[in-house]
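# Commentary on secondary and tertiary structure
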Amino acid sequence: MATSTTTELDYRPSYRAALVVSLVTLVLYLITLAPSTAMWDTSEYIAAAYTLGLPHPPGNPLFVILGRVFSILPIASSVAVRINILAAICSAASAGMWFLITERILVGWFPLRWQRVLGGAIAAAIGATAFTVWNQSVVNEKVYTVSLVGLAIISWLMIRWSDEPDGRKADRILVLVAYLLSLGYSNHMAGMLAAPAVGLAVIIRRPRTIFRWKLLLACAGVLVLGLTPFATQPIRAAYFPAINEGEPTACRTKLALSCTFSKGTLDAFEYNFNRGQYGKPDLSDRQASFVDQVGMWWMYFKWQWIRDAHGDHPFAQALLAAAFLVLGLFGGWVHYQRDRRSFWYFGSLMFTMSLLLIYYLNFKLGASQDPTSQAPHEVRDRDYFFIWSFSAWGVWAALGLLFVWESIAAMFGSENVKVGREVVVAPKRESWMYASPVLLIAAIPLFANWHWASRAGHRDTRDFAYDILNSVEPYGVLVTVGDNDTFPLWYAQEVEGIRRDVVVANTSLLNTDWYVRQVIRRPIYEYDAAKGPAIYRGKVWTKPTTPPIHMSMNDADSVPAYYPLNAPMPFGAGDLHTTIDPKNLDHGVLQRADLFVLRMIQDSWPQRPIYFARTSGSYARSLGLGDYVLTQGLASKVFIPSKTGSKDTLFVQGDGWFDVPRSDSLWNHVFLGPQSVLNTGDWIDRPSVGIPYLYVATGMELAEALKQQGKTAEAQAVFNMSKRVASAVRLDELVRGAEAEFQQPVGDTARAAPLPAAVAPPAPAKTDSTNKPGARTVPKKKS
């Protein structure tokens, strides 16, 4: 094994080879790129970038600026694809950085350039095709790939600095690194992940640096400079873009010096910057044991080499995870032995991005971790928070694989090789060739993850948004409860211009003051009948002249966080009269969001149609409206049932009233989602599988209702489509029980369509409590 130093080999980075690696990686990502949006935060961030808005706190201003630039570049046919390309470019550039770092580490080990280039390419390939890295690189879910490229660039700079800490460019490199750390923070807090490793490398390689006050002042100055993207937020917020979460400004009607430079704006900005609305527990208050939290990381680590979302290949997944873990640990050991000066930075970076980050994030059990446990689980899987460690793991895994390669090659024969001033023992050229098949291990994630990581052709999220918005009559209000029934709608409305006349009112966000102000302030958009469904044509839809909440902003701000109910409370709006039972409410209280939903019904219904998204589950029933909503497609409309009955309006046992002709028309002539799910062919993210399940449940209800009306052929066609959707997303067990019931003859009842026992009403959509105010929780009183 060669032991020459970097200086003796006169090392020069292979920038052209790094560029080729990045371009090849980019081609892979472009081939598997999503053509539209996706679940969770993807829609929120694409819409925020396109509108130059503010996503959830702290607002990620650098990403918004970059995303806005990409959204207007003529590089693709749609806004979503352009912003997805941003993610692909960032990750591809990161692969080039890992190539350079690996090549540099190998300088003191492999004397021949082709070996070092091969090693760098292997590192880039392993890191780039790890599941989470690949999956996040083909759709811009949020900001993680931008953070990744920042960390990779900082790492390359620090590896070079570690070679010559007293060199002519050393100080400038440190100042640049300080700036990139701060700039990265304006994209996401992960931008600072490299800071501990930078500090340790400086202390070990050049300790006197910490006493050079001029250099420290320069670093402090650029740290402040890097945070300046945050200064855009109070200004942009006062222009009230469509996505304006947190609203870090005291201005209420327009941008003005008096309200911008005020204590109110400062307080709002600080609250937003510090993510005050989320209430993250102290690190001493562990949400799960550290062992379980490491177990969550290990579960996600196993995903990287073969995702196996349905548990079909557990042995292969465990075997590959063990292999890549051992390769990485061997690689870390080899790194320490062969190039200790770069190890101090890179080794501490790996520690920070894994064990230290696990402790800091303090997550509950992962959404897919130990499903039988009664302990609290995260609402979704958090593998994306470890994208940086999984990407960088490719460097160490490559070093470990090269160690194995060399060891096997040595068994086929060695020879003396002169390297610099030394003569070392190394495998013969033909020995390297004989041992080379072992390097194919690096290609396993590419082939094992292609099905799981690729998002090529996936349009199901966009089409779901299209379907649910078109389930609402013109100028309607749609009450939603979670991320996945809200953010895709924002994308559809603000990016693609679909049904902007519909007001989306998210109950989780209605618990905040700023969101209520946005609902009041929102423009009233004209309904475009030519682009809308045919079922809404031929009728005059009166455009409202007032917002759905008839309150001033000051009055709305004064609404309490919650209102306790000690006894059943009557509620009325026009001819609608019902009773709200505190037994049906969480903790027996009406939350602020509940009060505003009821207020919208009182203020705007029936002039505006009011709908509850079917993703809200039993929310309408908890407000006493269970018998006063009529399901139409993917939403349920507030209405008063006819006393005489109607053959077109059936009562579905367990789920309320069902509009058969409207739902039938939507299913057969409007909905795009069922076919999109079939085209996707799977549903990898199980925590969001409630979205395709919604189609299954709706289709089976419709099929049963059509059967009750004697429309057997139509009912069978709808049922078959529901069955195919269920099969595609691995929900076959729902259909097996329902199919037997569906095949039974129609009973004597003409107005009751029983819901198949195997298909329960849709469960409420989930809200990512790490990022947003918790849905259905009682806000704490302000002290």
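Residues numbered from 1 in each chain as written. Predicted model: local features only at pLDDT ≥ 70, side-chain atom pairs only at ≥ 80, totals over all residues. Heavy atoms only, no water.

### Remarks on the overall build of the chain
Scanning the chain from N- to C-terminus turns up 32 helices and 14 strands. At 29 Å, the chain has a C-alpha radius of gyration in line with the 28 Å of a compact globule built from 783 residues. Dimensions of the chain, computed from the C-alpha atoms along their principal axes, are close to 100 × 65 × 50 Å. Nonlocal contacts in the chain, meaning residues at least 24 apart in sequence, comprise 76% of its contacts between residues at least 6 apart. For the chain, the exposed surface amounts to about 31,400 Å²; the carbon and sulfur share of it is 60%. For the chain, the distance from the average site of its 72 positive side-chain charges to the average site of its 63 negative ones is 7 Å. (Helix = DSSP H or I, 4+ residues; strand = E, 2+ residues; numbered from the N terminus. Rg over C-alpha atoms; globule rule 2.2 N^0.38 Å. Contact = heavy atoms within 4.5 Å. Areas by Shrake-Rupley, 256 points an atom, 1.4 Å probe, with all protein chains shown as cover. Lys, Arg positive; Asp, Glu negative; His and termini not counted. Charge placed at Lys NZ, Arg CZ, Asp CG, Glu CD.)

### Some details on a nonpolar patch on the surface
Where nonpolar side chains cluster on the molecular surface, the patch consists of M189, L283, F290, F351, L355, L356, Y359 and Y360 and spans about 700 Å² of accessible area. In terms of residues, the nonpolar patch owes the most to one element, helix α16 (residues 340–361), which gives 5 residues. Of note, Y360 is situated in helix α16. Assessed through its relative accessible area of 51%, Y360 is described here as exposed. (Patch = residues over 30% accessible without salt bridge, like charges linked within 9 Å, V, L, I, M, F, W, Y side chains within 5 Å. Salt bridge = Lys/Arg side-chain N within 4 Å of Asp/Glu carboxyl O. Buried < 20%, exposed > 50% of the residue type's maximum accessible area, 1.4 Å probe, protein only.)

### Quick word on the packing of helix α14 (residues 290–303) against α16
Between α14 and α16, the least distance of the axes is 10 Å, while the angle of their chain directions is 125°. Taken together, the axes of α14 and α16 lie oblique to each other. By crossing handedness, the relation of α14 to α16 is classed as right-handed. Mapping the contact onto sequence places F290, Q293, V294 and W297 in α14 and S354, L355, I358 and Y359 in α16. Per-class residue counts for the contact of α14 with α16 are 6 nonpolar, 2 polar and no charged. (Axes fitted to C-alpha atoms, helices over the stretch in contact; angles between N-to-C directions. Parallel < 35°, antiparallel > 145°, perpendicular 65-115°, else oblique. Left-handed = near helix turned anticlockwise from the far one by under 90°. Nonpolar A, V, L, I, M, F, W, Y, C, P; charged D, E, K, R; others polar.)

### Quick word on the pattern of salt bridges
Scanning the entire structure with this criterion turns up 29 salt bridges. A salt bridge links R662 to E473, with the nearest nitrogen and oxygen atoms 3.2 Å apart. Here E473 lies in the loop between α21 (460–470) and β3 (477–480) and R662 lies in helix α28 (residues 660–669), a separation of 189 residues in the sequence. Each of the salt bridges in this network shares a partner with another, and the network as a whole consists of E247, R252, D513, R517, R521 and D557.

### A short note on empty space enclosed by the protein
The full count for this structure, using the stated rule, is 4 cavities of 30 Å³ or more. Space inside the largest cavity adds up to approximately 480 Å³. Around the largest cavity, the lining comprises 29 residues; the ones closest to its centre are M39, N135, R455, I684 and D685. When residues of the lining of the largest cavity are traced back to their parent elements, those giving at least two are α6 (131–137) and α21. (1 Å grid on protein atoms, 1.4 Å probe; cavity = no way out; pocket = protein on both sides within 12 Å on 5 of 7 lines; lining within 4 Å. Points joined across faces, edges and corners; volume = space filled by probe spheres on them.)

### Remarks on unusual backbone geometry
Residue P57 is joined to P58 through a cis peptide bond whose omega torsion reads 10°. Inspection of the secondary structure assignment puts P58 in the loop between α2 (42–50) and α3 (61–72). Cis peptide bonds are those with omega within 30 degrees of zero, and the linkage from W605 to P606 qualifies with 10°. The topology assignment puts P606 in the loop between α26 (592–604) and β9 (610–613). Unusually for a residue other than glycine, H587 sits at a positive phi of about 65°.

### Some remarks on the pairing of strand β12 (residues 649–653)
Two strands pair when backbone bridges link them, and β12 and strand β13 (residues 656–659) are joined in this way by 4 bridges, in the antiparallel orientation. Within β13, the residue paired with F651 across the bridge is W657. Hairpin connection of β12 to β13: 2 residues between the antiparallel strands, including G654 at a positive phi of 90°. (Pairing = 2+ DSSP bridges.)

### Comments concerning the packing of helix α8 (residues 170–185) against helix α10 (residues 213–226)
It is at 7 Å that the axes of α8 and α10 come closest, and there the two elements cross at 30°. With respect to α10, the axis of α8 lies roughly parallel. As for how α8 packs across α10, the hand of that crossing is right-handed. Contacts between α8 and α10 involve D171, L174, V175, A178, Y179, S182 and L183 on the former and, on the latter, L215, A218, C219, V222, L223, V224, L225 and G226. Classifying every residue of the contact of α8 with α10 by side-chain character gives 12 nonpolar, 2 polar and 1 charged.

### Some details on the packing of aromatic side chains
Inspection of every chain in the model, using the stated rule, returns 48 aromatic pairs. With a centroid separation of 6.5 Å and an interplanar angle of 85°, the aromatic rings of F330 and W333 are classed as edge-to-face. Here the residue F330 and the residue W333 both occupy positions in helix α15 (residues 314–338), the gap between them amounting to 3 residues, near one helical turn. Considering the side-chain rings of W405 and W432, the 4.6 Å spacing of their centres and the 55° angle between planes classify their relative orientation as tilted. Within this pair, whereas W405 is found in helix α17 (residues 387–411), its partner W432 is found in helix α18 (residues 429–435), the two being separated by 27 residues in sequence. Directly above the ring of F240 sits R521, whose terminal nitrogen or CZ lies 3.9 Å from the centroid. (Phe/Tyr/Trp six-rings, centres within 6.5 Å; stacked < 30°, edge-to-face > 60°. Lys NZ or Arg CZ within 6 Å of the ring centre and 35° of its normal.)

### Things to note about the nonpolar core
Formed by 227 residues in total, the largest nonpolar core has its most connected members in M158, Y345, F386, W388, L510, I601 and F612. Examining the composition of this core, we find that 16 residues originate from one element, helix α4 (residues 79–105), more than from any other. Once you skip the residues sitting within four places of it in the chain, F612 turns out to touch L478, V479, V597, I601, Y619, A620, L623, L625, V629, A635, S636 and V638. (Core = buried A, V, L, I, M, F, W, Y, C linked by side-chain atoms within 4.5 Å.)

### A look at helix α30 (residues 690–708)
Helix length check: α30 (19 residues) gives 27 Å between terminal C-alpha atoms against 27 Å at 1.5 Å per residue, within 8%. In terms of burial, α30 is a largely internal element, 18 of the 19 residues being buried. Backbone geometry just after α30 places G710 at a positive phi near 85°. (Expected span 1.5 Å × (residues − 1).)

### Concerning the side chain of S636
Looking at the element boundaries, S636 is found in strand β11 (residues 635–638). Within the local environment of S636, its side chain forms a polar contact with the side chain of T631, the two groups lying 3.1 Å apart. (Polar contact = N/O pair within 3.5 Å; in protein donor to acceptor, adjacent residues only side chain to side chain.)

### Looking at the pairing of strand β4 (residues 503–506)
Note on strand geometry: in a regular strand, side chains alternate between the two faces of the sheet. Residues V503 and A505 point to one face of β4 and V504 and N506 to the other, with burial holding for every one of them. Sheet topology places β3 next to β4; 4 bridges connect them, and they run parallel. Bridge pairing in β4 places T480 opposite N506. Between the parallel pair β3 and β4, the chain is carried across by helix α22 (residues 487–494), and the sense of this crossover is right-handed. (Right-handed = clockwise from strand over helix to strand, strands pointing away.)

### A word on the environment of Y50
Here Y50 lies in helix α2. C-alpha separation for the pair Y50 and D655, spaced 605 residues apart in sequence, amounts to 38 Å. Beyond its immediate chain neighbours, meaning those up to four positions away, Y50 contacts R68, S71, V79, E494 and V495.

### Structural notes on the confidence of the model for the chain
Considering every residue of the chain, the mean pLDDT works out to 90; 93% of them sit at 70 or more. Contacts of residues 748–761 to residues separated by more than four positions or lying in other chains number 42 contacts, the stretch itself having pLDDT below 50. Note on residues 769–783: pLDDT under 50 across the span, and 45 contacts to partners over four residues away in sequence or across chains. (pLDDT = per-residue confidence, 0-100.)

### Side note on the environment of L731
Checked against the element boundaries, L731 lands in the loop between α31 (712–728) and α32 (732–742). Measuring from C-alpha to C-alpha, the distance between L731 and Y693 comes to 7.7 Å, with 38 residues separating the pair along the chain. Among residues more than four places away in sequence, those in contact with L731 are R686, V689, Y693 and A726.

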